[in-house]
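Notes for the structure review
So the chains spell out like this:
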2 protein chains.
Amino acid sequence: MTRYTAPLTEFRFLFHEVLGLERYGNLKSFAETTPELFDAVLGEAAKLCEEVLHPLNIPGDRQGCTLHEDGSVTTPEGFKDAYRAYVEGGWPALACDPEFGGQGMPVTLSLALNEIVSSANMAFGMYPGLTHGAYEALHQHGTDAQKQTYLPKLTSGEWTGTMNLTEPHCGTDLGLMRSKAVEQADGSYKISGQKIFISAGEHDLTENIIHLVLARIEGAPEGIKGISLFIVPKFLVGEDGTPGARNAVSCGALEEKMGIHGNATCVLNYDDATGYLIGEPHKGMRAMFTMMNEARLGVGLQGLAQSQIAYENAADYARERQQGRALSGPAAPDAPADPIIVHPDVRRMLMDQRAFNEGARAFYLWVGLQADILRGDDDAGTRQKADDFLALLTPVVKAYLTDRGFRHCVEAQQVYGGHGYIAEHGMEQFVRDARIAMIYEGANGIQALDLVGRKLPADGGRAIFAFFGEIDTLIASHADKDAMQEFCTPLKQARDRLEQATMWFLENGAKNPDHLAAGSTDYLHLVGLTALAWMWTQMADAAQQALANAEAASEAPAFYEAKLVTARYFMQRVLPDSAGHLAKLTSGADSMMALPTEAF
Amino acid sequence: MTRYTAPLTEFRFLFHEVLGLERYGNLKSFAETTPELFDAVLGEAAKLCEEVLHPLNIPGDRQGCTLHEDGSVTTPEGFKDAYRAYVEGGWPALACDPEFGGQGMPVTLSLALNEIVSSANMAFGMYPGLTHGAYEALHQHGTDAQKQTYLPKLTSGEWTGTMNLTEPHCGTDLGLMRSKAVEQADGSYKISGQKIFISAGEHDLTENIIHLVLARIEGAPEGIKGISLFIVPKFLVGEDGTPGARNAVSCGALEEKMGIHGNATCVLNYDDATGYLIGEPHKGMRAMFTMMNEARLGVGLQGLAQSQIAYENAADYARERQQGRALSGPAAPDAPADPIIVHPDVRRMLMDQRAFNEGARAFYLWVGLQADILRGDDDAGTRQKADDFLALLTPVVKAYLTDRGFRHCVEAQQVYGGHGYIAEHGMEQFVRDARIAMIYEGANGIQALDLVGRKLPADGGRAIFAFFGEIDTLIASHADKDAMQEFCTPLKQARDRLEQATMWFLENGAKNPDHLAAGSTDYLHLVGLTALAWMWTQMADAAQQALANAEAASEAPAFYEAKLVTARYFMQRVLPDSAGHLAKLTSGADSMMALPTEAF
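Here the structure is a predicted model, which is why all the values come from computation and not from measurement.

For chain A, the count of helices and strands is 20 helices and 11 strands. In terms of C-alpha radius of gyration, chain A reaches 24 Å, essentially the compact-globule figure of 25 Å for 600 residues. Expressed as lengths along the three principal axes of its C-alpha atoms, the size of chain A is roughly 80 × 60 × 60 Å. Across the 600 residues of chain A, 66% fall into the buried class. Within chain A, residue pairs in contact and separated by at least 24 positions form 74% of the contacts whose partners lie at least 6 positions apart. Where the 49 positive side-chain charges of chain A centre and where its 77 negative ones centre are 4 Å apart.

Attention shifts here to the nonpolar core. Formed by 415 residues in total, the largest nonpolar core has its most connected members in A:Y523 and B:Y523. When neighbours within four sequence positions are excluded, A:Y523 is seen to be in contact with A:L451, A:V452, A:L456, A:I464, A:L498, A:A501, A:T502, A:F505 and A:L585.

Each copy of the sequence occupies a distinct position, and chain B is placed on chain A by a rotation of 180 degrees and an axial shift of 0.0 Å, giving an RMSD of 0.0 Å. In the structure described here, the two chain copies are related by an operation that fits a two-fold rotation axis.

This part covers a nonpolar patch on the surface. Residue and element names in this part refer to chain A. On the surface, F465, M503 and L506 cluster together into a nonpolar patch covering about 270 Å² of accessible area. Summarising the element assignment, M503 is placed in helix α15 (residues 485–508). The class for M503 is partly exposed, based on a relative accessible area of 32%.

We describe a pair of aromatic rings using the distance from one ring centre to the other and the angle between the two ring planes. All chains considered together, the criterion is met by 43 aromatic pairs over all chains. Ring geometry for B:F13 against B:F559: centres 5.3 Å apart, planes inclined by 75 degrees, an arrangement best described as edge-to-face. Taken together, the residues span a long stretch of sequence, with B:F13 in helix α1 (residues 8–18) and B:F559 in helix α18 (residues 557–574) at a distance of 546 residues. Note on B:F13: relative accessible area 0%, which makes it buried. Its relative accessible area of 16% is what places B:F559 among the buried residues. An aromatic cluster is built from A:F11, A:F15, A:Y24, A:F30 and A:F38, whose rings are joined through pairwise contacts. In this structure, B:R246 packs its charged tip against the face of B:F235, placed 5.5 Å from the ring centre. Here B:R361 stacks its cationic end above the ring of B:F11, 5.4 Å away from the centre of that ring.

A rise of 1.5 Å per residue sets the reference length of helix α17 (residues 520–548) of chain B, with its 29 residues, at 42 Å; its end C-alpha atoms lie 42 Å apart and thus fit the reference within 8%. Here α17(B) lies mainly inside the structure; 26 of its 29 residues are buried.

Moving on to the interface of chain B and chain A. Taken together, the contact between chain B and chain A spans 91 residues of the former and 91 residues of the latter. For the chain B and chain A pair, buried surface summed over both sides reaches about 7700 Å², with 60% attributable to carbon and sulfur atoms. There are 6 salt bridges connecting chain B and chain A. Residue A:E256 is joined to B:R62 by a salt bridge in which the shortest nitrogen-to-oxygen separation is 3.9 Å. With 8 residues, α18(B) is the largest single contributor of residues to the side of chain B that touches chain A.

We now examine unusual backbone geometry. Residue and element names in this part refer to chain B. The phi angle at I260 is positive, at roughly 35 degrees, despite the residue not being glycine. Secondary-structure assignment places I260 in the loop between β10 (249–254) and β11 (265–278). Of the residues examined, I260 reaches a relative accessible area of 2% and is grouped as buried. Its identity as a non-glycine residue notwithstanding, D272 has a phi of 55 degrees, on the positive side. Structurally, D272 is set in strand β11.

Moving on, we come to the domain arrangement of chain A. All names here are of chain A. Domain assignment breaks chain A into domain 1 (288–455) and domain 2 (461–593). The C-alpha centroid of domain 2 is placed 17 Å from the C-alpha centroid of domain 1. Between domain 1 and domain 2 the total buried area reaches about 2700 Å² when both faces are included, carbon and sulfur atoms providing 72% of it. The interface formed by domain 1 and domain 2 contains 4 salt bridges. Between D577 and R404 there is a salt bridge, with its nearest N and O atoms 3.8 Å apart. Here domain 1 and domain 2 share 8 residue pairs in polar contact (both at pLDDT 80 or more) between them. Looking at the side of domain 1 that touches domain 2, the elements that each hand over two or more residues are α10 (344–376), α11 (380–415) and α13 (444–455). With 13 residues, α11 is the largest single contributor of residues to the side of domain 1 that touches domain 2.

What follows covers helix α1 (residues 8–18) of chain A. Every buried residue of α1(A) is listed here: A:E10, A:F11, A:F13, A:L14, A:F15 and A:V18. Remark: A:G20 follows α1(A) within two positions and exhibits a positive phi of approximately 60 degrees.

So, about the pairing of strand β11 (residues 265–278) of chain A. All names here are of chain A. Taken across its 14 residues, β11 has 10 buried, putting it largely inside the fold. In terms of strand pairing, strand β5 (residues 189–199) meets β11 through 8 bridges, oriented antiparallel. From the neighbouring strand, S199 faces β11, where its bridge partner is T265. With 3 bridges joining them, strand β7 (residues 227–233) and β11 adopt antiparallel strand pairing. Of the residues in β11, the one forming a bridge with F230 is L277. Sheet analysis places strand β10 (residues 249–254) next to β11, joined by 5 bridges and oriented antiparallel. Note that in β11 the partner of S250 across the bridge is N269.

As a further point, take the side chain of A:N121. All names here are of chain A. Tracing the backbone shows N121 in the loop between α6 (107–120) and α7 (122–141). Owing to a relative accessible area of 1%, N121 belongs among the buried residues under this scheme. At 3.1 Å, the side chain of N121 forms a polar contact with the backbone oxygen of L53.

This brings us to the pattern of salt bridges. Scanning the entire structure with this criterion turns up 72 salt bridges over all chains. Between B:R454 and B:D450 there is a salt bridge, and its shortest N-O distance comes to 3.1 Å. In this pair, B:R454 and B:D450 both sit in helix α13 (residues 444–455), 4 residues apart, roughly one turn of the helix. Classification of B:R454 by relative accessible area gives exposed; the value is 53%. Among the salt bridges present, the one from B:R495 reaches B:E499, with a minimum N-O distance of 3.0 Å. Within this pair, B:R495 and its partner B:E499 are both found in helix α15 (residues 485–508), separated by 4 residues, close to a single helical turn. What you see here is one network of salt bridges that share partners, running through A:D472, A:K492, A:R495, A:D496 and A:E499.

With that settled, consider the packing of α15(A) against helix α18 (residues 557–574) of chain A. Residue and element names in this part refer to chain A. As a packed pair, α15 and α18 sit with axes 10 Å apart at the nearest point and diverge in direction by 30 degrees. As summarised for this structure, α15 and α18 are arranged roughly parallel, according to the angle between their axes. Considering the relative orientation of α15 and α18, their crossing is left-handed. Residues E486, F487 and P490 of α15 lie in contact with α18, whose contacting residues are L564, A567, R568 and M571. Tallied by class, residues from the contact of α15 with α18 come to 5 nonpolar, no polar and 2 charged.

Examined against the element boundaries, A:T274 turns out to sit in strand β11. There is a polar contact of 3.4 Å between the side chain of A:T274 and the side chain of A:K190.

Conventions we followed
Residues numbered from 1 in each chain as written. Chains lettered and ligands numbered in written order. Predicted model: local features only at pLDDT ≥ 70, side-chain atom pairs only at ≥ 80, totals over all residues. Heavy atoms only, no water. Helix = DSSP H or I, 4+ residues; strand = E, 2+ residues; numbered from the N terminus. Rg over C-alpha atoms; globule rule 2.2 N^0.38 Å. Buried < 20%, exposed > 50% of the residue type's maximum accessible area, 1.4 Å probe, protein only. Contact = heavy atoms within 4.5 Å. Lys, Arg positive; Asp, Glu negative; His and termini not counted. Charge placed at Lys NZ, Arg CZ, Asp CG, Glu CD. Core = buried A, V, L, I, M, F, W, Y, C linked by side-chain atoms within 4.5 Å. Least-squares fit on C-alpha atoms with pLDDT ≥ 70 in both. Patch = residues over 30% accessible without salt bridge, like charges linked within 9 Å, V, L, I, M, F, W, Y side chains within 5 Å. Areas by Shrake-Rupley, 256 points an atom, 1.4 Å probe, with all protein chains shown as cover. Salt bridge = Lys/Arg side-chain N within 4 Å of Asp/Glu carboxyl O. Phe/Tyr/Trp six-rings, centres within 6.5 Å; stacked < 30°, edge-to-face > 60°. Lys NZ or Arg CZ within 6 Å of the ring centre and 35° of its normal. Expected span 1.5 Å × (residues − 1). Buried area = accessible area lost by both parts, 1.4 Å probe. Domains from an automatic or database assignment. Polar contact = N/O pair within 3.5 Å; in protein donor to acceptor, adjacent residues only side chain to side chain. Pairing = 2+ DSSP bridges. Axes fitted to C-alpha atoms, helices over the stretch in contact; angles between N-to-C directions. Parallel < 35°, antiparallel > 145°, perpendicular 65-115°, else oblique. Left-handed = near helix turned anticlockwise from the far one by under 90°. Nonpolar A, V, L, I, M, F, W, Y, C, P; charged D, E, K, R; others polar.

Quick look at the structure:
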């Protein structure tokens, strides 16, 4: 009862007319492809998403996963075949290292793939999605032998990977971790403990699952500085590279949860399971952050991805559902009523969603591009700048895109009226599925704290000032274009508010760190709003250029005209929230912290 | 895994120190009671809610309702006994007319009862809740004979009532209705058609169900002016007043929905069912609005009610869950970590919820008080003013309290981190249950349209100007109190923004009605924010007075100090959103309406 059409035109516009990916031929990952190939690759992926993955989304939610008495878990009907098709298409390998069988394509493209997979079927997308985090940690921190053993199979998708952090008493505060590791004579470790909330922790899609597990080596220092990262394969891998003996890790339970029922969220019990240390002892957090940062971008996309598919269905419904008459006179006088898209408040909800979706997509692709630049540019200064942006904006992609993405799923559901609350229409599933993205891979409050507590002050605020610099350059470049001022002026106002917030933090954060934390979520949203305004200004410019030279443009004028309308809507109807965020942030921590604990 | 404690201290404070209900002895409903009785009655209800209704909330969601082959529906285990206890306690009769067995207590008190029942178990509360709407329509529009036949049983709760509006192709636009009524020789009608989304449409709690059904009498005018309201009892009522023959109305299906699983949401099929006209032919909408307005206040409360119970559990969790350390140094140095309530961003979520819950409660009780004044005051001018406020603010109670209530349930769920997503903790149920309140009894966008299209312009804007007058009087009365300025100043600012928005509508709405509709949701939120700021100013004043005269105060100083902190938080951290609403509203309809339909 839902449909999904991958927004390929949007991607083309962003790749070629906004981001100008053609300019990045100097990067290795871009050199091996052509801009046209980008479109073709994504077009192929779109078919799989639309025709194979999406039809399983509602049935997968209904059926969920099943834990059997022998500890095995089956995924919903159809997932196994769909996963096989995904692997046969070579999709897991897209952005992986060619040395291990990967295709070496850009991160930017890989993120676009993630978005459309996640729109089509978020629960399904998490199986390969988590694998990629495990791949990254191994790729950056594993020994050559470990890489040779595991990376080719993770790259091909023959095996999947997991991330094991959380324990019942410890989530955000990993220093409290109890899972333990005891070194054996052969250099391996015996791992014991219980991990919870392990997505894709057990399933029937692949012949092996590679768990990356945080645990404390016997005698390790207390707290976070005594945590190490281990590879714990479900089946131990023999000399010939094939799965052998079953390891002592088992699924104790599947969590009953609000959504993403098609993904198996497991309690995993480790009972002297054999594990192999990755990197140095007690340095597990570093490797874990490699996985986390990668995963955080992916989770941000999930928020947008659900908002996108929810929007597509809400727009269809608003065009079809007939109810009431336009205030300006009947729009469909021969029908018993007008389609509800004539009503301004329905438009408001749809335009809110559009303005977010298109702006957020531009934003995450730009951030993804920084990852490609960081990996492949020859110039150290360029790499450093990209690294700064990636570090600063990863928590913003994660939290802003999931906070707003969830909110827009709720709005899309609202367009359906009572029918939105009924399971068969599928809109309530988007809301339930999107909800987890605000929580996992570091709850959004933690992202905000990471932003203001670590990323903002790093190197004297170098990253945020570079961000202001990018915006200022853009505004300056349009200084003499009258038609751009309706975008540049509100962008400038938002940027100035963000600067005021930053200065307020600089002045007050040192006196009382609670001031920083108290304003962290408002600050994160201020960055998110400003970033999207910046993106919309670039998109408006690209649209105006295309309209001015319509014969050379790739799309019909209506496409670019819609871009200008939506850009205008963003500036007039979304961006004004920046005023509230600034006012709240500069009120400081006092009223927030004054109540004694027992008063709550 | 959840707990509920009715906020009785809050009610006492509002009843006696803020609203001063003692001053309303002139009203009949207040004269028959004493202020102390209010507290005692609510205290009794609280026991039932906490001990009987709340323990059934999670099990009721899990089990849901069951439709059997014979068309009968069973409610979740325990609901039948709980309903019996509810009836034996006399709760359905609380605010009903003594002429039909009611207790004649104030609406204000009845709303307070609704809140705590809905917090304890929203799905359960809908069975008696909908009955009350049917009671009101019959009480105001029924004949004496109809009243004698049905009201005593609805008052006692021996029978329940329903509201039948929606059909598959028509929800908001009731003019499209197809259900038909054919007059019979005996003056009764045969009703045929299908109604959907009928809450409590079929169940096993009572021996009879009285359906109030909208249908079109054969030959009636087209559209909304040809709709009549009928009584269609599940069992026809004999001369002796007891249920007799089964009527031709049957439950065709139960909807599978996002939440409120404990309430039976039915497809009802009418196959020449016997019905009795209420009021005049073709004037059904008038009677229906009687039910709707009553129900809309009740739905508004549901939003707050879910936010309240979600807050209580989130506050407990935040005090218990240990994770990380306070930025200002360990708060619990002997424990492995501090409770998460030390973290500002967790505080932010809890304070947001508190500031909303307490402000919203004051607001709906004040609006409820207008209903008591309207019914019972001797002075026509006083009654008219109360009627104006009730009309103006009912859509605000409905939509603002449910929009924000839902949002705060999501925030409370967020406090739990990953555990909030897991069913056993019960937090995700609050979110799923609260979601419907933004949709039913008129989706929130319809409330906003009612506010700006009907309520605002009525009598030349008399109601909104009276509202400004109340605020101005309050501000003026505190002009020389320095300690009140931190509340009065932001209240004044919000009130001025609301006035600017109103003036903008006056200037632009006539030119283009889309401008009104485009700004309607922002306007409604602006009214809601201003109303809560007004309430918080009154609460702050009451708290300051109590602190100044602590010996005479009812509560300990800590209670009033917490009120001042929360009032301050509301002004600093919630009210600034008013700036964004005004900016969006005054941008008008153009960017919202410019896209052609096919561009979506």
